[in-house]
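Take a look at the letters that make up each chain.
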Amino acid sequence: MPLSEHEQRMLEQMERALYAEDPKFATALEGSGLRTYTRRRVYQAVAGFLVGIALLMAGMVAQQVWLSVVGFLVMLGCAVLAVTGWRKAPKPGEQPAAGAGAGPQARRQGRQRRSMMDRIDERWQRRRDEQQGGQ
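Under an unreviewed UniProt entry, the protein has the name Spore wall synthesis complex protein and belongs to Streptomyces lancefieldiae.

Colleague: When you look at the overall build of the protein in this model, what are you seeing that I'm missing?
Modeller: The secondary structure content of the protein amounts to 6 helices and 0 strands. The proportion of buried residues among the 135 residues of the protein is 14%. In the protein, the proportion of contacts linking residues at least 24 apart, taken out of those at least 6 apart, comes to 53%. When the accessible surface of the protein is totalled, it reaches about 11300 Å², and 61% of it is carbon and sulfur.

Colleague: Just checking my understanding: could you explain unusual backbone geometry for this structure?
Modeller: Peptide bonds are trans in most cases, and residues, glycine excluded, mostly fall at negative phi. At Q63, a residue that is not glycine, the phi angle is positive and equals roughly 55°. With relative accessibility at 68%, the residue Q63 sits in the exposed group.

Colleague: What exactly am I supposed to notice about the UniProt feature "transmembrane region" (unreviewed entry) in the protein here?
Modeller: The positions that UniProt labels "transmembrane region" (unreviewed entry) are, in the present scheme, residues 42–60 and 66–86. Taken end to end, residues 42–60 is 100% helix and 0% strand, and its first and last C-alpha atoms sit 27 Å apart.

Colleague: What is the right way to read the side chain of S68 from this model?
Modeller: Within the secondary structure layout, S68 lies in helix α4 (residues 65–88). Under the relative-accessibility criterion, S68 is labelled buried at 12%. When sequence neighbours within four positions are dropped, the list of residues in contact with S68 reads L55, L56, G59 and M60.

Colleague: How should I be thinking about the environment of G85 in this particular structure?
Modeller: Structurally, G85 can be placed in helix α4. When its relative accessible area of 1% is taken as the criterion, G85 is described as buried. Excluding residues that lie within four positions of it along the chain, G85 makes contacts with T38 and V42.

Colleague: Where do I start with the confidence of the model for the protein in this structure?
Modeller: Predicted coordinates in areas of low pLDDT are best not read in detail. For the protein, per-residue confidence averages 75 on the pLDDT scale, and residues scoring 70 or more make up 69% of the total. Ranking the helices and strands of the protein by mean pLDDT puts α4 first, with 86, and helix α5 (residues 104–112) last, with 51. Per-residue pLDDT stays below 50 along residues 96–107; that stretch engages in 9 contacts with residues further than four places along the chain or on separate chains.

Colleague: I tried to follow the pattern of salt bridges on my own but got confused; where do I start?
Modeller: Think of it this way: side chains of opposite charge can pair up when their charged atoms draw near. One pass over the full model with this rule turns up 1 salt bridge. In this structure, the salt-bridge partner of E122 is R126, at a minimum N-O distance of 3.6 Å. In this pair, E122 and R126 are both assigned in helix α6 (residues 116–134), 4 residues apart and thus about one turn of the helix distant.

Colleague: Explain a nonpolar patch on the surface to me, please; I cannot follow it from the model alone.
Modeller: On the surface, V46, F49, L50, I53, M57 and M60 cluster together into a nonpolar patch covering about 540 Å² of accessible area. By the secondary structure assignment, M60 is in helix α3 (residues 32–61).

The rules behind the values
Residues numbered from 1 in each chain as written. Predicted model: local features only at pLDDT ≥ 70, side-chain atom pairs only at ≥ 80, totals over all residues. Heavy atoms only, no water. Helix = DSSP H or I, 4+ residues; strand = E, 2+ residues; numbered from the N terminus. Buried < 20%, exposed > 50% of the residue type's maximum accessible area, 1.4 Å probe, protein only. Contact = heavy atoms within 4.5 Å. Areas by Shrake-Rupley, 256 points an atom, 1.4 Å probe, with all protein chains shown as cover. UniProt positions renumbered as here; feature names shortened; annotations may be inferred. pLDDT = per-residue confidence, 0-100. Salt bridge = Lys/Arg side-chain N within 4 Å of Asp/Glu carboxyl O. Patch = residues over 30% accessible without salt bridge, like charges linked within 9 Å, V, L, I, M, F, W, Y side chains within 5 Å.

So, in structure tokens, the structure goes:
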């Protein structure tokens with residue numbers, strides 16, 4: 001749920017006050033932590049995927065089906081973690097749009113990020129309003 005304009009202004013004021021009081025601390029909190037966390041999560045998932053391959057191969061060599069199945073499941077789980085972590089990771093240099101003065105590009109991105117169900121609901125409402133207005 002997006003912040004209201006009043007809440008965005010309050011957040012901007014708090015950010016400016018934090019930068020004024022302790023700029024070193026404010027720059028440390030800026031947002032590189034999320035990028036580092038997601039990158040680390042993706043690397044761990046890739047390492048887990050390699051462990052899954054090793055388990056799969058070991059199960060095939062030792063003719064232990066259960067070990068191969070475990071290896072496959074580890075590979076599958078790590079692949080899912082890597083893909084979801086990669087999608088959530090902010091791009092380098094990308095910062096979340098905060099504040100009312102974010103500009104038209106941030107508004108355009110917000111419009112693009114609406115879910116399919118939101119668009120369908122909007123179209124349904126528009127059609128219903130047009131039908132009620134025409135009668």
